[in-house]
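Residues per chain are reported as follows:
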Amino acid sequence: MRTKSHENYRELVMRLAKTDFKLRYHGSALGYLWAILRPLLMFTILNFVFSSIFNFRNSGTPYYPLELLTGLLMFQFFSEGTINGMNALLSKSQLVTKIYIPRWTIILGSSVNALFIYGMNLIVLSVFFIIYGVTPSIPAIIMFFFFSFLLYAVIVAFSLLTAPLLVRFRDLSMIWEVLLQVLMYASPIIYPLTMMPEYIQKVMLLNPLAFIIHFSKRGLIENYFTNFHNILYLILGVVGIFIISLLIYKKTERRVAEEI
């Protein structure tokens, strides 16, 4: 019975995610291509500015375009996942108020939608690695997907925390959009982390997003891996964030239907 229930929840989450994905691009001329074109257009602009004008490519970062695209795609995943997850309950208010389904499935479905788009963008990233003649090692690829899993766990934790809160505090979404811009420039996406003084690097790497993006890039492009203790601290931090978010979610989601 329990296994059947889990299968039903899994099917519900996937159905919600697929519906979100189809509705998002329904009616647009390019359809699903926008999922790939959006980050590519941003990459093209930033790569021209920082690779040509600021000459990052010739200042100790020969594979700057690959570093930039990898960082942008991971940040785009984080950005879309957290925004979708935060707005999940409010945007699907009819599901919350008119029928009963576990609310966490609605939130998870929104985050899985971002995961679909991330998977499509990774195909594009693979093509760029082939074009630039860079072949990541097997351990680097495994580590990259492990970091991506941890990033997804952070997205889900953030969504569980904020989705019920947004129903009560509607300004939260606008505040988060501003904070995302801050996070983008506070993470080594546009610039390499090595440009910063060493003490600032240590502070920046306390941010899980910056840590994941930095060592994902270095692993794929330079075959460089951080030590086990740093990865362990990251895992413990993500687990701690997830547990705290789950506890808060259980307290706040009870009154969502009344406040929506």
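Look a little higher up for the structure.
Residues numbered from 1 in each chain as written. Predicted model: local features only at pLDDT ≥ 70, side-chain atom pairs only at ≥ 80, totals over all residues. Heavy atoms only, no water.

### Focus on the packing of aromatic side chains
The description of two aromatic rings rests on the distance between their centres and on the angle between their planes. Put simply, the rule reads: Pairs were defined over the aromatic rings of Phe, Tyr and Trp, the Trp ring being its six-membered one, requiring ring centres within 6.5 Å. Orientation was assigned from the angle between planes: stacked under 30 degrees, edge-to-face over 60, tilted for the rest. What counts as a helix is a DSSP run of H or I of at least four residues, what counts as a strand is a run of E of at least two, and both are numbered from the N terminus. Exposure is judged per residue with a 1.4 Å probe applied to protein chains only, and the accessible area is read against the type maximum: over 50% gives exposed, under 20% gives buried, and values in between give partly exposed.
Summed over the entire model, instances satisfying the criterion amount to 10 aromatic pairs. Between the aromatic rings of F147 and F211, the centroid separation amounts to 6.2 Å while the plane-to-plane angle is 85°, which identifies the pairing as edge-to-face. With F147 in helix α6 (residues 138-168) and F211 in helix α9 (residues 208-222), this residue pair connects regions lying 64 residues apart in the sequence. Side by side, F147 and F211 carry an identical accessibility label, which is buried. The structure contains a cluster of three or more aromatic residues connected by ring pairs, namely F146, F147, F211, F215 and Y224.

### Digging into the nonpolar core
Here is the rule: In these notes, a set of buried Ala, Val, Leu, Ile, Met, Phe, Trp, Tyr and Cys residues joined through side-chain atoms within 4.5 Å is what counts as a nonpolar core. Contacts: residue pairs with any heavy atoms within 4.5 Å of one another.
Judged by nonpolar contacts, the single largest core of 67 residues is most densely connected at F75, F78 and L89. When contributions to this core are tallied by element, the ones reaching two or more residues are α1 (2-25), α2 (34-53), α3 (64-91), α5 (103-131), α6, α7 (172-185), α9 and α10 (228-252). Examining the composition of this core, we find that 14 residues originate from one element, α6, more than from any other. Every residue in contact with F78, bar those within four places of it in the chain, is listed here: L151, V154, I155, W176, L180, L183 and L209.

### Comments concerning α5
The condition that has to hold: The span expected for a helix works out to 1.5 Å for each residue beyond the first.
With 29 residues, α5 should cover 42 Å at 1.5 Å per step; its first-to-last C-alpha distance of 44 Å lies within 8% of that length. Positioned one or two residues after α5, G133 has a phi angle of 70°, which is positive.

### Focus on a nonpolar patch on the surface
Put simply, the test is: In this analysis, a patch consists of residues with relative accessible area above 30% that form no salt bridge, clustered at 9 Å for like charges and at 5 Å for the nonpolar side chains Val, Leu, Ile, Met, Phe, Trp and Tyr. Per-residue and other accessible areas were derived by the Shrake-Rupley procedure at a 1.4 Å probe size, with only the shown protein chains allowed to occlude residues. Salt bridges are defined as contacts in which a side-chain nitrogen from Lys or Arg sits within 4 Å of a carboxyl oxygen from Asp or Glu.
On the surface, I138, I141, I142 and F145 cluster together into a nonpolar patch covering about 400 Å² of accessible area. Residue placement: I138 occurs in helix α6. Look at I138 and you get exposed, because its relative accessible area is 58%.

### What to know about the packing of α3 against α7
Rules: Comment: axis = line fitted to C-alpha atoms, over the contacting stretch for helices; angle = value between 0 and 180 degrees taken between N-to-C directions. Convention used here: angles under 35 degrees read as roughly parallel, angles over 145 as roughly antiparallel, angles from 65 to 115 as roughly perpendicular, and any remaining angle as oblique. Residues are grouped as follows: Ala, Val, Leu, Ile, Met, Phe, Trp, Tyr, Cys and Pro are nonpolar; Asp, Glu, Lys and Arg are charged; every other residue, Gly included, is polar.
Interhelical geometry of α3 versus α7 gives an angle of 170° and a closest axis separation of 11 Å. Here α3 lies roughly antiparallel to α7, going by the angle between them. In contact with L72, F75, F78, S79, T82, I83, M86 and N87 of α3, α7 contributes L172, S173, W176, L180, L183 and M184. Among the residues making up the contact of α3 with α7, the classes are represented as 10 nonpolar, four polar and no charged.

### Comments concerning the pattern of salt bridges
Two side chains of opposite charge can pair, provided their charged atoms sit close to one another. In total, this model carries four salt bridges according to the counting rule given. For R15, the salt bridge is made with E11, and the minimal N-O distance between the two is 2.7 Å. Placement of the pair is R15 and E11 together in helix α1, with a separation of four residues, close to one helical turn. You can call R15 exposed: its relative accessible area is 51%. One salt bridge in this structure joins R218 and E222, with 3.2 Å as the shortest N-O distance. In this pair, R218 and E222 both sit in helix α9, four residues apart, roughly one turn of the helix. The class of R218 is partly exposed, set by a relative accessible area of 22%.

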